[in-house]
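Here's the letter readout for the chains.
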Amino acid sequence: LEVEPLHVCVARHLLNFGERSWLAEVRSGQARDILPKLIEEVGERAAGLTFMDHRGTRFHDELHLFERLGLPAGSMDTICDNVLHPGAPVFLWEEARPSSNDGDGRCVGRSATVWSLPEFMAGGEGEIEDWMAFERYAPRPGRSSGASARPAAAAATVRREAA
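Given the structure is predicted, the values throughout are model-derived calculations rather than measurements. (Residues numbered from 1 in each chain as written. Predicted model: local features only at pLDDT ≥ 70, side-chain atom pairs only at ≥ 80, totals over all residues. Heavy atoms only, no water.)

**Quick look at the overall build of the protein chain**
Okay, so step 1: For the protein chain, the count of helices and strands is six helices and six strands.
Okay, so step 2: When the 163 residues of the protein chain are sorted by exposure, 33% land in the buried category.
Okay, so step 3: Pairs at least 24 residues apart make up 68% of the contacts formed inside the protein chain by residues separated by at least 6 positions.
Okay, so step 4: Per element, the accessible surface of the protein chain, about 10100 Å² overall, is 55% carbon and sulfur. (Helix = DSSP H or I, 4+ residues; strand = E, 2+ residues; numbered from the N terminus. Buried < 20%, exposed > 50% of the residue type's maximum accessible area, 1.4 Å probe, protein only. Contact = heavy atoms within 4.5 Å. Areas by Shrake-Rupley, 256 points an atom, 1.4 Å probe, with all protein chains shown as cover.)

Here is the structure:
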């Protein structure tokens, strides 16, 4: 999904150039508008990869929408850019910490890996650090309805300031 028409054209061209247009599709629009229509067309558990590269404060909401609609494949990969700037504190709280333990002290659920990278085209301001997160989707009890643990007060504060 891509909002910018020029980016849609470039992405589609790259898929065609790489002879992978049979493997992926690029659609124009916002997730909240396109995902409900997508489930009707492709069915449940059809999303094997999601790449989120926009305002990070919405990553957790969009991941919850994926889950509510039943779109994630059993092992959907999720890649998020701009996790530090403008920031995705709620996503990090929910996805980058071990979710729970199984009673034997083992962590269950999923846990995102975060990398620090220089921001692309940071301009004349010098090198700006940003974070990228990768996560392999694994269903968690109670998450199909979009319910999640409440983020720490600090994460909620950062979210408000980043919005």
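Next, the rest of the story.
**Considering the environment of Arg136**
Okay, so step 1: Residue placement: Arg136 occurs in strand E6 (residues 129–136).
Okay, so step 2: Here the alpha-carbon distance between Arg136 and Ser75, two residues 61 residues apart in the chain, equals 6.0 Å.
Okay, so step 3: A distance of 2.4 Å separates the side chain of Arg136 from the side chain of Asp77, its partner in a polar contact. (Polar contact = N/O pair within 3.5 Å; in protein donor to acceptor, adjacent residues only side chain to side chain.)

**Topic: the sheet that holds strand E2 (residues 72–80)**
Okay, so step 1: Reading across from one edge, E1-E2-E6-E5 is the order of the four strands in this open sheet, with mixed pairing throughout. What marks the edges here is a single partner per strand, and that holds for strand E1 (47–52) and strand E5 (113–118). Each strand of the sheet is rotated relative to its neighbour by a mean of 15 degrees, with strand direction disregarded.
Okay, so step 2: One ladder, built from four bridges, connects E2 with E6; its direction is antiparallel. What sits directly across from Ile79, in E6, is Phe134. (Pairing = 2+ DSSP bridges. Axes fitted to C-alpha atoms, helices over the stretch in contact; angles between N-to-C directions.)

**As for the packing of helix H2 (residues 31–42) against helix H3 (residues 59–69)**
Axis angle and axis distance: for two packed helices, these are the angle between their axes and the distance between the axes, and together they describe the pair.
Okay, so step 1: Interhelical geometry of H2 versus H3 gives an angle of 15 degrees and a closest axis separation of 10 Å. The pairing of H2 with H3 is recorded here as roughly parallel in orientation. Every pair of crossing elements has a handedness; the one defined by H2 and H3 is right-handed. Of the residues in H3, those touching H2 at Ala31, Arg32, Leu35, Pro36 and Ile39 are Glu62, Leu65, Phe66 and Leu69.
Okay, so step 2: Within the contact of H2 with H3, the residues separate by chemical class into seven nonpolar, no polar and two charged. (Parallel < 35°, antiparallel > 145°, perpendicular 65-115°, else oblique. Left-handed = near helix turned anticlockwise from the far one by under 90°. Nonpolar A, V, L, I, M, F, W, Y, C, P; charged D, E, K, R; others polar.)

**Concerning unusual backbone geometry**
Okay, so step 1: The phi dihedral of Arg45 is positive, around 55 degrees, even though this residue is not glycine.
Okay, so step 2: Relative to the assigned elements, Arg45 resides in the loop between H2 and E1.
Okay, so step 3: For Arg45, a relative accessible area of 55% translates into the label exposed.
Okay, so step 4: Phi at Asn82 is positive, roughly 60 degrees, even though this residue is not glycine.
Okay, so step 5: Look at Asn82 and you get buried, because its relative accessible area is 12%.

**Here's the deal with the confidence of the model for the protein chain**
Okay, so step 1: Overall, the prediction assigns the protein chain a mean pLDDT of 77, with 71% of residues at 70 or greater.
Okay, so step 2: Mean pLDDT in the protein chain bottoms out at helix H6 (residues 153–162), which sits at 49, and peaks at helix H1 (residues 5–17), which reaches 94.
Okay, so step 3: The low-confidence segment residues 144–149, where pLDDT is below 50, has twelve contacts with residues more than four positions distant or belonging to other chains.
Okay, so step 4: Confidence drops under a pLDDT of 50 for residues 158–163, and excluding neighbours within four residues, the segment shows eleven contacts in the predicted structure. (pLDDT = per-residue confidence, 0-100.)

**What to know about the pattern of salt bridges**
It is possible for side chains bearing opposite charge to pair when their charged atoms get close.
Okay, so step 1: A complete count under the given rule lists five salt bridges for this structure.
Okay, so step 2: Between Asp77 and Arg136 there is a salt bridge, with its nearest N and O atoms 2.4 Å apart. Taken together, the residues span a long stretch of sequence, with Asp77 in strand E2 and Arg136 in strand E6 at a distance of 59 residues.
Okay, so step 3: Salt bridges linked by common partners bring Glu25, Arg27 and Glu41 together as one network. (Salt bridge = Lys/Arg side-chain N within 4 Å of Asp/Glu carboxyl O.)

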